[in-house]
Amino acid sequence: KGEIGGSGDQHYHALMMFTKVDKSRSLQDKFRVAMLSMVKHGDFMEGEVLVLHFVSDPASKELGEKMLQEFLLDATFKYEVLFHDVVDLTHKLFPIVEAMQKYFSAGSGAYYSDAIFFLSVAMHQIMPEMPPVLVLTDGSGPLCWASLQWMCSMGHHQKGLNMLGLESLPQPWPLFSTSDRMMCLTRIVQLDLDLKYRTNIRDLFKEFDRFPPGAVIGITREMQPVYRHTFWQYRKENPRTRVGDPPPEGLPGFNSGVMLLDLGAMRESALYNQLLKPSNVAKLADQYRFRGHLGDQDFFTMIGMEHPELFYPLACGWNRQLCTWWRDHGYGDVFQMYYRCEGLVYIYHGNCNSPIPDY
Ligand code: UDP
Ligand code: MN
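The present account deals with the structure reproduced in this document. Small disclaimer: the values here were computed from a predicted structure and weren't measured.

## Regarding the site of ligand 1
- Residues in contact with ligand 1, as listed here, are M17, F18, T19, L27, D192, L193, D194, H349, N351 and C352.
- At 2.7 Å, a backbone N or O of T19 approaches a nitrogen atom of ligand 1.
- At 2.8 Å, a backbone N or O of C352 approaches an oxygen atom of ligand 1.
- Isolated, ligand 1 exposes 510 Å² of accessible area, and the fraction of that covered by the protein chains is 65%.
- The cavity where ligand 1 resides is the largest pocket.

Structure, rendered in structure tokens:
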């Protein structure tokens, strides 16, 4: 323990926003449903570890630690729990996402505290990259760095160290300060709390392997006509557009309840990083006349209209949203075309406080 890659375990990273949970009984109930169902169906192989990341404030963290003790009791797999301070992350995020906040946040100003709703957008810059510092430790130059990157992608960092002729690293390893649990953090799934798992969460990670070249994020389509509404003006000016139309032909936008973030691909994608720049955000927002208030999912939806190849479309069953608010607010006639989701449901999403079926 404490040595780099000491166990050689393969880590599966999942992150949840977990703030103000101490203040909301309803959020605590959702968290219970999510974690108990995740534990019930969770099944991992020997040598695999599920790392649960929570973005949290001190009071939520304290409560979360207590609740997790109970919820994880029956886990048959190895796990680790990591809390990240929401204030620290917000501080890192704000300069990157400030410019997009005015297009995708509630209200008009770019409120500092709202930056956290855009964490997924810049996760590849916020979470520590796998350390390039091994180059220095054995003096074999860039080869070493490339090899470590390969090891990470293979999930065999211990084996890789031996291949390089490094039996062990000097202790304490002087050049890498982050927890070794953050090693090889190249893929992470971000999950809402209002979910109910009906299958092994390990299967969700297999979807990463199905990304086509160029894709950086796996995400399910939005199941309400919310973006038909948001793109109302653009659709009026472009009557033949698919933007905001229902599936399978249309582009209904995305829902952020379940997201696969390929941090390695996000770091490498010149296109994706271009789109993060304030000037490009402004350009697209003007082009599409876009004003929303749903944070990261608005940003992904908007850039997805222009560059669908950045997104791997997760099957609807991976994020079966249950909210029907827009059915009763002017979109009853088209609602079912968006809401329909055929095939197996792997994860229910009780968004807008919708009840989740027991079966
Ligand atoms: N969340 C949180 N604290 C809050 C509200 C939300 O940590 O006070 C997180 C939580 O992970 C939640 C996510 O933000 O699942 C998105 O909110 P929610 O699921 O309520 O939105 P919806 O899916 O209904 O649009
Ligand atoms: Mn939700």
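## Structural notes on helix 3 (residues 86–104)
- Under the 1.5 Å per step criterion, the end-to-end length of helix 3 is only 20 Å for 19 residues, more than 12% shorter than the ideal 27 Å.
- The largest bend along helix 3 measures about 65° and falls at V97.
- Taken together, the buried positions of helix 3 are V86, L89, T90, L93, F94, V97, M100, Q101, Y103 and F104.

## Quick word on the sheet that holds strand 5 (residues 195–197)
- Read from one edge to the other, the open sheet built from 3 strands follows the order 5-10-9, with strand pairing classed as mixed. Where the open sheet ends on each side, the last strands, each with one partner, are strand 5 and strand 9 (320–321).
- The pairing of strand 9 with strand 10 (residues 347–349) spans 2 bridges and is parallel. Paired with R320 across the two strands is Y348, which belongs to strand 10.

## Quick notes on the packing of helix 1 (residues 25–41) against helix 2 (residues 58–71)
- One way to put it is that helix 1 packs onto helix 2 with a least axis distance of 10 Å and a crossing angle of 35°. Crossing angle aside, the handedness with which helix 1 passes helix 2 is right-handed. Residue-level contacts link Q28, F31, R32, M35, L36 and V39 of helix 1 to L63, M67, L68, E70 and F71 of helix 2.
- The residue makeup of the contact of helix 1 with helix 2, split by class, is 8 nonpolar, 1 polar and 2 charged.

## Focus: the coordination of the manganese ion (ligand 2)
- For the manganese ion (ligand 2), the full set of protein donor atoms is D192 (OD), D194 (OD), D194 (OD) and H349 (NE2), and the range of their distances to it is 2.1 to 2.3 Å.
- In this structure, the manganese ion (ligand 2) is coordinated by 6 donor atoms arranged in irregular fashion, with angles at the metal of 57 to 173°.
- Of note, the manganese ion (ligand 2) draws all its donor residues from one chain, in the sequence arrangement D-x1-D-x154-H. Linking D192 in the loop between strand 4 (187–191) and strand 5 with H349 in strand 10, this pair joins segments that are 157 residues apart in sequence.
- In this structure D192 comes out as partly exposed when scored by relative accessible area, which is 27%.

## Considerations on the pairing of strand 6 (residues 217–221)
- Across the 5 residues that make up strand 6, a large majority, 5, are buried.
- Across 5 bridges, strand 6 lies against strand 7 (residues 254–262) in antiparallel orientation. Looking at strand 7, one finds that I219 is bridged to M259.
- Pairing of strand 6 with strand 8 (residues 311–313) involves 3 bridges; the strand directions are parallel. Bridge pairing in strand 8 links I217 to F311.

Definitions and limits used
- Residues numbered from 1 in each chain as written.
- Chains lettered and ligands numbered in written order.
- Predicted model: local features only at pLDDT ≥ 70, side-chain atom pairs only at ≥ 80, totals over all residues.
- Heavy atoms only, no water.
- Near = heavy atom within 4 Å.
- Polar contact = N/O pair within 3.5 Å; in protein donor to acceptor, adjacent residues only side chain to side chain.
- Areas by Shrake-Rupley, 256 points an atom, 1.4 Å probe, with all protein chains shown as cover.
- 1 Å grid on protein atoms, 1.4 Å probe; cavity = no way out; pocket = protein on both sides within 12 Å on 5 of 7 lines; lining within 4 Å.
- Sits in = over half its atoms within 2 Å of the grid points.
- Helix = DSSP H or I, 4+ residues; strand = E, 2+ residues; numbered from the N terminus.
- Expected span 1.5 Å × (residues − 1).
- Bend = angle between axes of the 7 residues up to and from the residue.
- Buried < 20%, exposed > 50% of the residue type's maximum accessible area, 1.4 Å probe, protein only.
- Pairing = 2+ DSSP bridges.
- Axes fitted to C-alpha atoms, helices over the stretch in contact; angles between N-to-C directions.
- Left-handed = near helix turned anticlockwise from the far one by under 90°.
- Contact = heavy atoms within 4.5 Å.
- Nonpolar A, V, L, I, M, F, W, Y, C, P; charged D, E, K, R; others polar.
- Donors = N, O, S within 2.8 Å, 3.2 Å for Na, K, Ca; no water.
- Tetrahedral: all angles 85-135°; square planar, octahedral: opposite > 155°, others 65-115°.

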